[in-house]
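# Residue-level structure breakdown
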Amino acid sequence: MAACIRSMGHAVIRFGQSSFLVTGHSSHVVNAKRYVRALKRKPVKVIYPDGKEETLAKSNVNQTPGHQRAALNAKKNSKDAIEDRTKLGLRGRTTFQSKDTQEKISNESRPLSKVELMDGLRFEKALPDDKRLSKLVTVARSRAYREHQGKILLEGRRLICDALVAGAKPQTLFFSSIERLRELPVDKLKRANLIKVKFEDVKKWSELIAPQGVIGIFSRPDVDQLAFPKEHRDQSVPLSLICDNIRDPGNLGTILRCAAAAGCHSVLLSKGCVDVWEPKVLRAAMGAHFRLPIFPSLTWEEVSDHLPQDVTVHVADNCSSPIRDVDIQSSLRKPSDYGWVSSRREKKRHSVQDVSESDSESDTDSDHEVDEVPRVEPKQYHDPWAQRSTALVIGGETRGLSLESLRLAQQTDGWRLFVPLAHGVDSLNSAMAASILLFEGRRQLLKLLERSGKRLRN
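These notes cover the structure that comes with them. As the structure is a prediction and not an experimental result, all values here were calculated from the model. (Residues numbered from 1 in each chain as written. Predicted model: local features only at pLDDT ≥ 70, side-chain atom pairs only at ≥ 80, totals over all residues. Heavy atoms only, no water.)

Before going further, it helps to examine the overall build of the chain. The helix and strand tally for the chain stands at 18 helices and 19 strands. Expressed as a percentage of its 458 residues, the buried residues of the chain come to 37%. At a minimum sequence separation of 6, the contacts of the chain that also span at least 24 residues come to 73%. Of the roughly 28700 Å² of accessible surface on the chain, a fraction of 51% belongs to carbon and sulfur atoms. (Helix = DSSP H or I, 4+ residues; strand = E, 2+ residues; numbered from the N terminus. Buried < 20%, exposed > 50% of the residue type's maximum accessible area, 1.4 Å probe, protein only. Contact = heavy atoms within 4.5 Å. Areas by Shrake-Rupley, 256 points an atom, 1.4 Å probe, with all protein chains shown as cover.)

So, in structure tokens, the structure goes:
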């Protein structure tokens, strides 16, 4: 073997701490120290599954028996600790864990500075680097996340109190002081995770200019599971509100607040409306979500199912006067001819050749392709229109009313209600128009109920 190596005429080249063997006929590279040192290496650090680290002292010839015995005891104790953690982690746990279970386990394993009690409630003081506050942004801004996880975000004492009284289920509540926590119904927070954080952290993740120091993550409530206030049920009138493609969160929240103040029986939202549980909608509604039933993302078939059988559906028109319709009603046949109707039909894209070949037929085909607008007679808002169970449709400011709402009004013998405006003003804000019409409808229904009550007494 030695003669073979000498015949090859090797050369040893050293680069830093590595050695390479280069032969004369080929470029074989061998790390000489790799295989020698691998036999002498010993671990200097042990990393456990929970992230903890343990540094081990290198055992050498000069180590005393006492040092060796201490190292063996430390190794045995660390092994026992790993086995205990494994047993505790596997005890009572199934092979499949849901996202909520994994999140709960991760929250429980996160180190907390202190656990305290207040009026029988156990709350935690979070560390400055607690990442649970960062989830507030995801819940607040992502509609897909809210719908998939079934969560909503509520901020402020009044909104959280209304939700708790109505029966909403809290999951996690962040508060900045004990005084803020005492302002809430404590008996309804026993199943929630209470976390005390600094006010600076709440201010950093809050969307309010002056936060109140209380933010809660709740389960997305179901209408059938909420208990609405009894005084609202006693003062409600047979009046329903239908929101048709309202995109602005501030407008929708204000409309919901007006519906609750006017004593509406229910609110129905068609598909295309902004998410009713968006934080901006919740702030503008001022607790209306927990005072009357709200049914979001409904098709027009489902809207009809949620209305009484003898209901009359009226639509709100943003025109200032009916003179325009009286003069040229016969010449208006398409949705584009009306400023308050939107067909929401997408125009087909044609190539240049298709346009040149179909120029002669475009005028005749367009009248048949576009649906005609159902004829709904106009009426001023202060004239009698709420004489029985009534529903009012409010359209968005951008797209206006849909053809489905007009067909529903035509089928139920409804009216197209408008508010006369001063000269030069085109229309009202949708929330303002809804408030005027809703309170006028409430006035007419209460007057009708009063008359019927007098007749019964007589």
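Tracing the chain through its elements places T172 in strand β8 (residues 170-175). The exposure class assigned to T172 is buried, which follows from its relative accessible area of 16%. In this structure, T172 is in contact with N193, I195, I215, G216 and I217, ignoring residues within four places of it in sequence.

What the seven strands build is an open sheet, ordered β13-β12-β11-β17-β14-β19-β16; its pairing is parallel. Each of the sheet's edge strands pairs with one partner strand only, and the pair in question is β13 (294-298) and β16 (378-380). Going across the sheet, the axis of each strand differs from the next one's by a mean of 25°, ignoring polarity. Bridge analysis of β16 against strand β19 (residues 416-418) gives three bridges, and the strand direction is parallel. Across the sheet, residue K379 finds its bridge partner in β19, namely L417. Packing against the sheet, helix α11 (residues 249-261) makes contact with β11 (239-244), β12 (266-270), β13 and β17 (390-395), and its axis sits at approximately 175° to β11. Relative to the sheet, helix α17 (residues 403-411) contacts β11, β14 (312-316) and β17, its axis offset from that of β14 by approximately 135°. (Pairing = 2+ DSSP bridges. Axes fitted to C-alpha atoms, helices over the stretch in contact; angles between N-to-C directions.)

Despite not being glycine, M286 has its phi angle at roughly 55°, a positive value. Relative to the helices and strands, M286 resides in the loop between α12 (279-285) and β13. By relative accessible area, which is 31% here, M286 ends up partly exposed. Phi is positive for S297, close to 55°, though the residue is something other than glycine. Of note, S297 is situated in strand β13.

Before going further, it helps to spend a moment on the environment of G395. Within the secondary structure, G395 is located in strand β17. Separated by 10 residues in the primary sequence, G395 and S405 place their C-alpha atoms 9.1 Å from one another.

All right, on to the pattern of salt bridges then. Should their charged atoms come close, side chains of opposite charge can pair. Applying the stated criterion across every chain yields a total of 10 salt bridges. When the shortest N-O distance is used, the salt bridge between E147 and R143 registers 3.1 Å. Pair noted here: E147 and R143 are both in helix α6 (residues 143-149), with a separation of four residues, about one helical turn. On the basis of relative accessible area, E147 is assigned to the partly exposed category, the value being 44%. For R143, a relative accessible area of 32% puts it in the partly exposed group. A network of salt bridges, in which partner residues are shared, links R146, R220 and D275. (Salt bridge = Lys/Arg side-chain N within 4 Å of Asp/Glu carboxyl O.)

Further remarks concern the pairing of β17. Where burial is concerned, most of β17 is hidden: six out of the six residues are buried. With burial as the criterion, each face of β17 is covered, one bearing T390, L392 and I394 and the other bearing A391, V393 and G395. Pairing of β11 with β17 involves six bridges; the strand directions are parallel. Bridge assignment links C243 to a residue of β17, and that residue is I394. Direction of pairing for β14 relative to β17: parallel, over a ladder of four bridges. Looking at β17, one finds that V313 is bridged to A391.

Given 3.6 residues per helical turn, the α-helix brings residues three or four places apart onto the same face. Of all 10 residues making up helix α7 (residues 157-166), seven are buried, and the element is well covered by its neighbours. Turning to α7, its buried residues number three or more, namely L159, I160, C161, D162, A163, L164 and A166. Packing partners of the buried residues in α7 comprise β7 (151-155), β8, β10 (214-219) and α12. Of the residues trailing α7, G167 is marked for its positive phi of about 105°.

Evaluated as defined, the whole model comprises zero disulfides. Among the cysteines around C243, which has no disulfide bond, C273 carries the closest sulfur, lying 5.7 Å off. The exposure class of C243 is buried, given its relative accessible area of 0%. (Disulfide = S-S within 2.5 Å.)

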